[in-house]
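Examining the three-dimensional arrangement
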Amino acid sequence: PTKKDYPDYFEKYLQLIEEGDVISALKINHQSVLDFIEEIPRLKQNYFYDDDKWTVKQVINHIVDTERILGYRALRFARGDNQQPLSFDENLYAKNANLSNTNMQMLVDEFDSIRLSNILLFKQLSEKELLLKGKIGLGEVSVLALGYFMCGHAQHHVNIIKERYL
């Protein structure tokens, strides 16, 4: 996507994705994230590096939550729904996510399912639908930019886990 297709906030995330079509980006990032999560040592899953920071498991759950929300936004905009979707408070979501009954394999399976669903959504979209835009709290964004942002967002958090948690 070009800079006019997304808010400035997206830039740091989009820079994490190699050039190529959105389906390839989604697939490559999908496998990369799955491989990374499966390599996280069991003893690090509930680790947090400071009192006000999320655990590794919470970060992975945040990736899953965001993937689900971005897919919903992409669907709405691709279908011509111009109503601005509500934003979400990632800290509230993390605080209220009951992860005591969730293990990393469940999070892997959930990310896998949601990303595969989003890949199927993007595969069926026409060039015209990919260029449709909608409004989010940060500004206007195209469906195409949301697809790339999914990848960049997930990669951003993988990088944070590598740098600060492991």
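Preceding block: the structure.
Summarised in this report is the structure supplied together with it. (Residues numbered from 1 in each chain as written. Predicted model: local features only at pLDDT ≥ 70, side-chain atom pairs only at ≥ 80, totals over all residues. Heavy atoms only, no water.)

Structural notes on a negative patch on the surface
Together, Asp35, Glu38, Glu39 and Asp109 line one region of the surface with negative charge. Top element by residues in the negative patch is helix α2 (residues 22–39). It accounts for three residues. Within the secondary structure, glutamate 39 sits in helix α2. (Patch = residues over 30% accessible without salt bridge, like charges linked within 9 Å, V, L, I, M, F, W, Y side chains within 5 Å. Areas by Shrake-Rupley, 256 points an atom, 1.4 Å probe, with all protein chains shown as cover. Salt bridge = Lys/Arg side-chain N within 4 Å of Asp/Glu carboxyl O. Lys, Arg positive; Asp, Glu negative; His and termini not counted. Charge placed at Lys NZ, Arg CZ, Asp CG, Glu CD. Helix = DSSP H or I, 4+ residues; strand = E, 2+ residues; numbered from the N terminus.)

Considerations on the packing of helix α5 (residues 104–123) against helix α7 (residues 143–165)
For the pair α5 and α7, interaxial distance at closest approach is 11 Å and the crossing angle is 155 degrees. Between α5 and α7, the angle is such that the two are roughly antiparallel. The handedness of the crossing between α5 and α7 comes out as left-handed. Here Arg115, Asn118 and Phe122 of α5 lie close against α7, whose contacting residues are Val143, Leu146, Gly147, Met150, Cys151 and Ala154. (Axes fitted to C-alpha atoms, helices over the stretch in contact; angles between N-to-C directions. Parallel < 35°, antiparallel > 145°, perpendicular 65-115°, else oblique. Left-handed = near helix turned anticlockwise from the far one by under 90°. Contact = heavy atoms within 4.5 Å.)

With respect to the layout of surface pockets
Each pocket or cavity is described by its volume, and for the largest pocket that value is around 600 Å³. Broken down by secondary-structure element, the contributors of at least two residues to the lining of the largest pocket are α3 (56–78), α4 (90–96) and α7. A per-element tally of the lining of the largest pocket places α7 first, with seven residues. Grouping the amino acids of the lining of the largest pocket by side-chain chemistry returns 14 nonpolar, eight polar and five charged. The volume enclosed by the second largest pocket comes to roughly 230 Å³. Together, Leu16, Ile17, Glu18, Glu19, Gly20, Asp21, Ser24, Ala25, Ile28, Asn29, Ser32 and Gln155 line the second largest pocket. Among the elements that line the lining of the second largest pocket, the one with the most residues is α2, at five residues. (1 Å grid on protein atoms, 1.4 Å probe; cavity = no way out; pocket = protein on both sides within 12 Å on 5 of 7 lines; lining within 4 Å. Points joined across faces, edges and corners; volume = space filled by probe spheres on them. Nonpolar A, V, L, I, M, F, W, Y, C, P; charged D, E, K, R; others polar.)

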